[in-house]
Amino acid sequence: MRSLLLCGMSVSAATSCHAQIVEEDFDSIRLFTLRNASGIEVRITNYGAIITSIRTPDRDGELADIALGYTRVEDYINAVDKPYFGAVVGRYGNRIAGGRFILDGETYELARNNGENHLHGGVIGFDKVVWAAEPLPESNALRLTYRAKDLEEGYPGNLDLEVVYRLTDKDELVVSYRATTDKATPVNVTQHTYFNLRGEGTGSILGHELMLNADGYTPVDEGLIPQGTIAPVTGTPFDFRPSKSIGEDIGAENEQLQFGGGYDHNWVLNREGDTASLVLAARVYEPESGRAMEIRTTEPGIQFYSGNFLDGRLVGKSGRRYVHRGGFCLETQHFPDSPNQPHFPSTILRPGELYESTTVLRFFTQ
């Protein structure tokens, strides 16, 4: 594979008064740029369906890239500890205990790529394949498709997956997923961008103020596998219902925080009525820049990860090191290990059914 620069390359001039999508072609791996009327810019490559860059203004109108990532495909491929910067992960995002599950009486063995457990779809998950890509200029969107073959990474069924990224003039990035299968299979696809609203490579995210719309979360064991219960957040460091800084309680004496090295847990979102409707999941505000982000989703849960395993070894696109807790993830999802947890919402997709999921990220300042 020849070197592919994903950022900093010349593209056709874009005006800030019209939505625009720009494509750069490098054989089978391509880079796409979505721009809206506000000047917000989102860059996506069809390698891993990765969001490589999100440029948004601060309260003074100055743009900065708020998504951690790289300038070259090789850096995504070779990154130590495989951080999944910006990627779509699956067939099953998050962990499956022991790398196995039983479905319709048959046991399926998966890669154990996270200690004894399976993580984010395996050794070659959706984040490490080249997707087919189709620009949709009329809606300022990009459609990405991939067929995961039967028993690819151990999962049953041929799964046909579509991901659409759409940037609206309401400053929303809409991420929509659709999938079908020819054999029953677990599906839990999510987007794994790391954010720093001050700008990528600008240090810790502990001063960001976070709200999570959740009364409960799923406690985990030492391997970060859910124990099968939903615990109330009241009176714990996991209560983000009133907004608070990420760093306020992250150092508290708490077994769950010790297991995760910080926050790396699934919150159970508050919702009423229709389980397929969009519900407010999270809101984040960075006081220095004034940048803020709101997330709504059709998913029942959200994984908040506070960048605990970032340690300065990874150098990002700005040439600056990604320090400990230099980025956070908010991954909308079904719960971890659901194929082995009968009390959790089901993630099993069967032939004739349609998997659909939508997450909306709105960017603004205050």
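The structure displayed is predicted, hence computed values, not measured ones.

J.: Sorry if this is basic, but what is going on with unusual backbone geometry here?
T.: A negative phi angle characterises most non-glycine residues, just as the trans form characterises most peptide bonds. Here the bond from G90 into R91 is cis, since omega is 20°, no more than 30 degrees from zero. If you trace the backbone, R91 turns up in the loop between β6 (88-89) and β7 (95-96). If you check the backbone angles, N94 has positive phi at about 80° while not being a glycine. Its place among the elements puts N94 in the loop between β6 and β7. Residue class for N94 comes out buried when judged on its relative accessible area of 2%.

J.: Help me out: how do you make sense of the side chain of N308 in this one?
T.: Here N308 shows up in the loop between β24 (301-305) and β25 (329-333). A polar atom in the side chain of N308 sits 3.1 Å from the backbone oxygen of G260. Engagement of the side chain of N308 in a polar contact is seen with the backbone oxygen of Y263, the distance being 3.1 Å. Apart from the residues within four sequence positions on either side, N308 is in contact with G260, G261, G262, Y263, D264, H324 and R325.

J.: Please clarify how the environment of I51 should be interpreted in this entry.
T.: In this fold, I51 is placed in strand β4 (residues 50-57). Judged by its relative accessible area of 2%, I51 is buried. The spatial distance from the C-alpha of I51 to the C-alpha of E109 is 30 Å, given a sequence separation of 58 residues. I51 has contacts with V42, R43, I44, G86, Y165, L173, Q191 and T193, leaving out every residue within four places of it along the chain.

About the cut-offs
- Residues numbered from 1 in each chain as written.
- Predicted model: local features only at pLDDT ≥ 70, side-chain atom pairs only at ≥ 80, totals over all residues.
- Heavy atoms only, no water.
- Helix = DSSP H or I, 4+ residues; strand = E, 2+ residues; numbered from the N terminus.
- Buried < 20%, exposed > 50% of the residue type's maximum accessible area, 1.4 Å probe, protein only.
- Polar contact = N/O pair within 3.5 Å; in protein donor to acceptor, adjacent residues only side chain to side chain.
- Contact = heavy atoms within 4.5 Å.

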